[in-house]
Amino acid sequence: MDIRKELWGKTPQGEEIFRYTLTNASGAYVTVSNIGAAIVSVVVPDRDGKLGDVALSYEDPLSYIGDGPCLGKCPGRYANRIAAGKFSLEGKDYTLAVNCGPNHLHGGPGGFMNRVWDSRMENDGVEFMYFSEDGEEGYPGNLKTVVRYEWGEDNALRITFTAMTDRTTVVNLTNHAYFNLDCQGSIKDHLLTLNASEYLPTDDSLIPLGDPADVAGTPMDFLNPKPLGRDLFADFDAVRFGKGYDNCWVIDGYQEGQIQNVAELVSPASGRVLRVLSTQPGVQVYTANWLEGAPKGKNGVTYHDYDGVAIECQHFPDSPNHPDYPDTTLRPGEVFEQAIIYAFSTL
């Protein structure tokens, strides 16, 4: 595996932003950056062997700071939403920033995705480390988080997340890459399959109401391959509230610590296939419903709504306020450890 590091830019505060490119023997490669521990490029072949970049990204590294779409980055300390920015832990109430309607989203405006991480090349991979101080964005505990990227000869991108704390806290980590297997245009014709027979209904601010619901007979049914655009604008609360899909599905057969099939995304046009596997209990599928107005993409591209899809393996939204959901509490002496695999192939 060939790994190359380059200086990409500097923040206004003088922090250095690096890019790392991991290239396998076939010439397929992945580029990641220490700004938000982001995936910048995933360049893989189509059915004819032509290489193309299937990950949405920005031209300017400074565009990654404070962008609305959280493009390609690792949000935290808690990915997704926490209702009203409030939760209780061990009898103490915590208040977080409200930065998405009435709710807290992706760790707040100073979340992990808007930070410059420490970085290094290590054992054929790239590691990013961020130390979040006690009280940062309202969360308790000093939290050390490491995100590791490995790129295989099999065109599989393996991501591992580890975190440790010195006080009881809550943690939910994922990657927020947007994929387009045609490298341009809309993803409405992409076929999605989810290993999920239930999803989490929400209120109109996308906070889960409680128990999962069956997908059968609804626009949320992706148990068999279905074009993302087929039910995107259906008269159904789950898609109407988000102007498209922005919902969490419950992975069938979830077992803590076990890698499970999560999703398969297929482009009939390019023949590219993305298979997603993870140790996490849920997957948030977001069809880039609010991408319009995002910073300029690579090569000067202007992105539009529905030009990508994020398949974010994670714990459930608002879990700290739902004791019956898989636990997102991390205590001193414990290690948060989760994995996501994005495996690329062709038809």
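In the block above lies the structure referred to throughout.
Given the structure is predicted, the values throughout are model-derived calculations rather than measurements.

J.: Let's hear about the overall build of the protein chain: which residues, and what values?
T.: Secondary structure assignment for the protein chain yields one helix and 26 strands. Along the longest, intermediate and shortest principal axes, the C-alpha atoms of the protein chain span 60 × 50 × 40 Å. Buried positions account for 59% of the 347 residues belonging to the protein chain. Pairs at least 24 residues apart make up 65% of the contacts formed inside the protein chain by residues separated by at least 6 positions. As presented, the protein chain carries roughly 13,500 Å² of accessible surface, and 47% of it is formed by carbon and sulfur atoms.

J.: So what's going on with the pattern of salt bridges? Which residues, and what values?
T.: Going through the model one piece at a time under the given rule, you end up with 18 salt bridges. Salt-bridge contacts for Arg167 lead to Asp134; the nearest nitrogen and oxygen are separated by 3.1 Å. A residue pair is termed long-range when its members are at least 10 positions apart, and Arg167 in the loop between strand E13 (156–165) and strand E14 (169–170) and Asp134 in the loop between strand E11 (125–132) and strand E12 (143–151) qualify at 33 residues. When its relative accessible area of 33% is taken as the criterion, Arg167 is described as partly exposed. Residue classification places Asp134 among the partly exposed residues on the basis of a relative accessible area of 38%. Among the ionic contacts, a cluster of salt bridges with common partners joins Arg120, Glu122, Glu127, Arg148 and Glu150.

J.: So what's going on with the layout of surface pockets? Residues and values would help.
T.: In this structure, the largest pocket encloses a volume near 620 Å³. Each residue belonging to the lining of the largest pocket can be placed in one class, and the counts come to 13 nonpolar, 14 polar and six charged. Here the second largest pocket defines a volume of roughly 320 Å³. Lining the second largest pocket are 16 residues, and of these Glu256, His315, Asp327, Thr329 and Gln338 sit closest to its centre. Of all elements in the fold, only strand E25 (329–330) and strand E26 (336–346) reach the threshold of two or more residues within the lining of the second largest pocket. Looking at side-chain class alone, the lining of the second largest pocket contains six nonpolar, five polar and five charged residues.

J.: Let's hear about the pairing of E26: which residues, and what values?
T.: Remark: a regular strand shows side chains that alternate across the two faces of the sheet. Counted residue by residue, E26 has eight buried out of eleven residues, so it is predominantly covered. Relative to E26, E13 runs antiparallel, the two being bridged by eight bridges. Counterpart to Ile159 in the pairing with E26 is Ile340. Pairing of strand E22 (residues 272–278) with E26 involves seven bridges; the strand directions are antiparallel. Note on E26: the bridge partner recorded for Val276 is Tyr342.

J.: Just give me the short version of the sheet that holds strand E16 (residues 191–194), but keep the residues and values in it.
T.: Taken in spatial order, the nine strands line up as E10-E11-E12-E13-E26-E22-E21-E16-E19 in an open sheet, and their pairing is antiparallel. Since the sheet does not close on itself, it has two edges, and those belong to strand E10 (118–122) and strand E19 (226–227), each with one partner. As paired strands, E16 and E19 are joined by two bridges and run antiparallel to one another. In the strand pairing of E19, Leu192 is matched with Lys226.

J.: Pulling in residues and values, what's your account of empty space enclosed by the protein?
T.: Enumeration over the complete set of coordinates arrives at one cavity of 30 Å³ or more. Its volume calculated, the largest cavity comes out at about 40 Å³. Lining the largest cavity are Asn80, Leu200, Thr202, Leu206, Asp246, Asn247, Cys248, Gln284 and Pro317. A total of three residues in the lining of the largest cavity trace back to one element, the largest contributor, which is strand E20 (residues 246–250). Taken together, the residues of the lining of the largest cavity break down into four nonpolar, four polar and one charged.

J.: Pulling in residues and values, what's your account of a negative patch on the surface?
T.: Negative charge collects at one region of the surface, where Glu198, Asp211, Asp214 and Asp324 lie side by side. Structurally, Asp324 can be placed in the loop between strand E24 (309–314) and E25.

Cut-off values and rules
- Residues numbered from 1 in each chain as written.
- Predicted model: local features only at pLDDT ≥ 70, side-chain atom pairs only at ≥ 80, totals over all residues.
- Heavy atoms only, no water.
- Helix = DSSP H or I, 4+ residues; strand = E, 2+ residues; numbered from the N terminus.
- Buried < 20%, exposed > 50% of the residue type's maximum accessible area, 1.4 Å probe, protein only.
- Contact = heavy atoms within 4.5 Å.
- Areas by Shrake-Rupley, 256 points an atom, 1.4 Å probe, with all protein chains shown as cover.
- Salt bridge = Lys/Arg side-chain N within 4 Å of Asp/Glu carboxyl O.
- 1 Å grid on protein atoms, 1.4 Å probe; cavity = no way out; pocket = protein on both sides within 12 Å on 5 of 7 lines; lining within 4 Å.
- Points joined across faces, edges and corners; volume = space filled by probe spheres on them.
- Nonpolar A, V, L, I, M, F, W, Y, C, P; charged D, E, K, R; others polar.
- Pairing = 2+ DSSP bridges.
- Patch = residues over 30% accessible without salt bridge, like charges linked within 9 Å, V, L, I, M, F, W, Y side chains within 5 Å.
- Lys, Arg positive; Asp, Glu negative; His and termini not counted.
- Charge placed at Lys NZ, Arg CZ, Asp CG, Glu CD.

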